[in-house]
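What the coordinates show
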Amino acid sequence: MIQEVRERPLLMRELLGESLRELRTSSSLTLREVSGRARVSLGYLSEIERGQKEASSELLNAICGALDVPLSNVLRTVSDKVDAHSGITQLPVRSHRVAA
């Protein structure tokens, strides 16, 4: 019996990290150079690029500054990647009910 191979769904942080890595390598910058410019540890930046850690909005802005790319461009690139993938993992959203 042949079992269906199921791909693991992508996470947003993985698409973001992939986009940041693509920008860094296309600019011929090393992890060390970007980490120094963004004032983030090399290891943490590496984990962000691999989609293992999520960057805060402030850190993401610093990384974009180090790459000399507007944050809006990075978010647009990630948004385009989301549109291209149907298997993005949607995390559950809690609804907060206000007592009457």
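The present account deals with the structure reproduced in this document. Here, residues in each chain are numbered from 1, in the same order as that chain's written sequence. Reporting in this predicted model follows two pLDDT cut-offs: at least 70 for local features of residues, and 80 or more for side-chain atom pairs to be given and counted; totals over whole chains, interfaces and linings ignore these cut-offs and use all residues. Only hydrogens and water are set aside when side-chain values are computed; all heavy atoms of the structure are taken into account.

We now examine the overall build of the protein chain. When helices and strands are tallied, the protein chain shows 5 helices and 0 strands. Helix and strand assignments come from DSSP, with helices taken as H or I runs of at least 4 residues and strands as E runs of at least 2, each series counted from the N terminus. Ordered by position in the sequence, the α and β elements of the protein chain form the string α-α-α-α-α. Partly exposed residues are those whose accessible area sits between 20% and 50% of the maximum for their type, while under 20% is buried and over 50% is exposed, using a 1.4 Å probe and protein chains only. The 100 residues of the protein chain split such that 29% are buried. Within the protein chain, residue pairs in contact and separated by at least 24 positions form 65% of the contacts whose partners lie at least 6 positions apart. Entry remark: accessible area of the protein chain is about 7,600 Å², with carbon and sulfur atoms responsible for 50%. Only heavy atoms enter the contact rule, under which two residues are in contact if any of them lie within 4.5 Å. Methods summary: accessible areas were calculated by the Shrake-Rupley approach with a probe of 1.4 Å, and residue burial reflects only the protein chains presented.

Further remarks concern the side chain of Glu14. The residue Glu14 is located in helix H1 (residues 12-26) in this model. Judged by relative accessible area, which is 15%, Glu14 ranks as buried.

Once that is clear, we can look at unusual backbone geometry. Phi angles above zero are rare outside glycine, and Ser28 is one such case at about 55 degrees. Accessibility expressed as a relative area gives 66% for Ser28, which makes it exposed. Non-glycine residue Asp68 carries a positive phi angle of around 60 degrees. By the secondary structure assignment, Asp68 is in the loop between helix H4 (57-67) and helix H5 (71-84). Exposure remark for Asp68: the relative accessible area of 70% places this residue in the exposed category.

Let us now look at the pattern of salt bridges. Whenever a carboxyl oxygen of Asp or Glu lies within 4 Å of a side-chain nitrogen of Lys or Arg, that contact is scored as a salt bridge. Enumeration over the complete set of coordinates arrives at 5 salt bridges. Close ionic contact of Arg13 with Glu54 constitutes a salt bridge, the shortest N to O distance being 3.7 Å. Of this pair, Arg13 sits in helix H1 while Glu54 is found in the loop between helix H3 (42-49) and H4, placing the two residues 41 residues apart along the sequence. Relative accessible area serves as the criterion here: at 30%, Arg13 is assigned to the partly exposed category. Here Glu54 falls in the exposed class, since its relative accessible area comes to 55%. Notably, a salt bridge pairs Arg24 with Glu49, separated by 2.7 Å at the nearest N-O pair. In this pair, Arg24 is assigned in helix H1 and Glu49 in helix H3, connecting sequence segments 25 residues apart.

Here we come to the side chain of Ser35. With respect to the helices, strands and loops of the structure, Ser35 is situated in helix H2 (residues 31-38). Among the residues examined, Ser35 registers a relative accessible area of 7% and is labelled buried. What qualifies as a polar contact is a pair of N or O atoms within 3.5 Å, subject to a donor-acceptor requirement within protein and to the restriction that residues adjacent in sequence count only when both atoms come from side chains. A distance of 3.0 Å separates the side chain of Ser35 from the backbone oxygen of Arg32, its partner in a polar contact. With residues up to four places along the chain from it excluded, the contact list for Ser35 reads Val40, Ser41, Leu42 and Leu45.

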